[in-house]
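An overview of the molecular structure
The residues making up each chain are set out below.
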Amino acid sequence: MWGSNDEGQANPPEGLSNVVAIAVGRYHGLALRSDGTVVGWGANYKGQASPPLNLSHVTAIGAGGDCSVALVTMYPRLAVPFLRSSGEMEFTLYGEDGVAYTIACSADLREWQPLTRVTCVNEVAHVRDGTAEGSPRRFYRAVSDEPLNSAVAGSRRQG
C-alpha cells in the first residue's frame with residue numbers, strides 16, 4: 001500500500017496472508033482472508049480497525065471514513081428448490097461440515113412436518129422430497145441442534 005500514512009493506514013500487519021479483498025477508510029484498512037476472517041489496522045479511534053471478536057463467515061468487507069462493515073453468510077442456507085421430472089423436489093443445503101440438520105416442509109409456513117435429517121459433508125447436503133408431488137406450494141426449513149441456526153426456502157408450482 002502507499003500514500004498518506006499519518007495513522008499507519010498504509011502499513012498492513014506483518015505476515016498478513018491469504019487475502020482475498022482489501023477495503024480502506026480515511027485512516028484505516030481492512031483485509032478479508034480466504035478463511036472468512038477480517039484483519040484491521042491503522043487509526044482505531046471509533047473501533048473501525050478492530051473487527052468484533054469471533055467475527056467469521058465473512059464474504060465481503062467495506063470501509064469508509066471512520067466505519068467498517070462486513071457481510072456475513074450464516075449457516076444453514078437453502079438453495080431454491082426445483083422440481084424434478086419424477087415429481088420430487090430437490091435442493092441443496094449449505095451448512096457447517098459435520099453438523100446434522102432436520103429438514104421440515106410446510107404448505108403454509110405455520111405447520112411444519114419433519115421430512116428428513118441430513119449431515120453436511122464438505123458443508124453441503126443434497127435433499128430430495130418424494131412427498132412433494134401434487135403440492136401447489138412447498139416450503140422447506142433446516143434447523144440444526146445449535147440454537148438460532150435455521151433457514152427457510154420455498155417453491156411454487158405453476159398449474
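Our subject is the structure listed above.
The shown structure was predicted, so the numbers you read here are calculated from the model rather than taken from an experiment.

Another aspect to go through is the overall build of the chain. A tally of regular secondary structure across the chain gives zero helices and 13 strands. Sequence-ordered secondary structure for the chain, helices as α and strands as β, is β-β-β-β-β-β-β-β-β-β-β-β-β. Taken over C-alpha atoms, the radius of gyration comes to 21 Å for the chain, far larger than the 15 Å a tight globule of 159 residues would show. Seen along its three principal axes, the alpha-carbon backbone of the chain occupies a region of about 65 × 30 × 30 Å. Counting only contacts in the chain whose residues sit at least 6 apart along the sequence, the fraction spanning at least 24 positions is 43%. When the accessible surface of the chain is split by element, carbon and sulfur atoms take 50% of a total near 9600 Å². With 13 positive and 16 negative side-chain charges, the chain shows a separation of 10 Å between the mean positions of the two kinds.

A few words now on the pairing of strand β9 (residues 100–106). Of all seven residues that make up β9, six are buried, and the element is covered over most of its length. Looking at chain direction, β9 and strand β10 (residues 113–119) are connected through six bridges and run antiparallel. Its bridge partner lying in β10, A104 is registered against P114. In the sheet, β9 pairs with strand β12 (residues 137–144) via six bridges, with the strands oriented antiparallel. Bridge pairing in β12 places A104 opposite R141.

What follows covers the sheet that holds strand β1 (residues 19–24). Read across the sheet, three strands follow the order β1-β2-β3 without closing on themselves; strand pairing throughout is antiparallel. Strands with a single pairing partner mark the edges of an open sheet, and in this sheet they are β1 and β3 (38–42). Within the sheet, the average angular offset between the axes of one strand and its neighbour, ignoring direction, is 20°.

For L83, the position within the fold is in strand β7 (residues 82–83). For L83, a relative accessible area of 44% gives the class partly exposed. Sequence separation between L83 and N44 is 39 residues, and the spatial gap between their C-alpha atoms is 51 Å.

What follows deals with the pattern of salt bridges. In total, this model carries six salt bridges according to the counting rule given. Across the salt bridge formed by D108 and R110, the nearest N and O atoms sit 3.7 Å from each other. With relative accessibility at 30%, the residue D108 sits in the partly exposed group. Overlapping salt bridges bring together R84, E88, E90 and R128 as one network.

Here we come to the nonpolar core. One finds L93, Y101, I103, V118 and Y140 to be the most contacted residues of the largest nonpolar core, which totals 16 residues. Looking at this core, the elements with two or more residues in it are β8 (89–94), β9, β11 (124–129) and β12. Among all residues touching Y101, those that are not within four sequence positions of it are Y75, P76, L93, G95, E96, T116, R117, V118, C120, A142, V143 and S144. Counting six residues, the second-largest nonpolar core is a separate cluster that includes L30, L32, V38 and V58.

Cut-offs and rules
Residues numbered from 1 in each chain as written. Predicted model: local features only at pLDDT ≥ 70, side-chain atom pairs only at ≥ 80, totals over all residues. Heavy atoms only, no water. Helix = DSSP H or I, 4+ residues; strand = E, 2+ residues; numbered from the N terminus. Rg over C-alpha atoms; globule rule 2.2 N^0.38 Å. Contact = heavy atoms within 4.5 Å. Areas by Shrake-Rupley, 256 points an atom, 1.4 Å probe, with all protein chains shown as cover. Lys, Arg positive; Asp, Glu negative; His and termini not counted. Charge placed at Lys NZ, Arg CZ, Asp CG, Glu CD. Buried < 20%, exposed > 50% of the residue type's maximum accessible area, 1.4 Å probe, protein only. Pairing = 2+ DSSP bridges. Axes fitted to C-alpha atoms, helices over the stretch in contact; angles between N-to-C directions. Salt bridge = Lys/Arg side-chain N within 4 Å of Asp/Glu carboxyl O. Core = buried A, V, L, I, M, F, W, Y, C linked by side-chain atoms within 4.5 Å.

So far we have only geometry, and geometry alone does not tell us how the molecule works.
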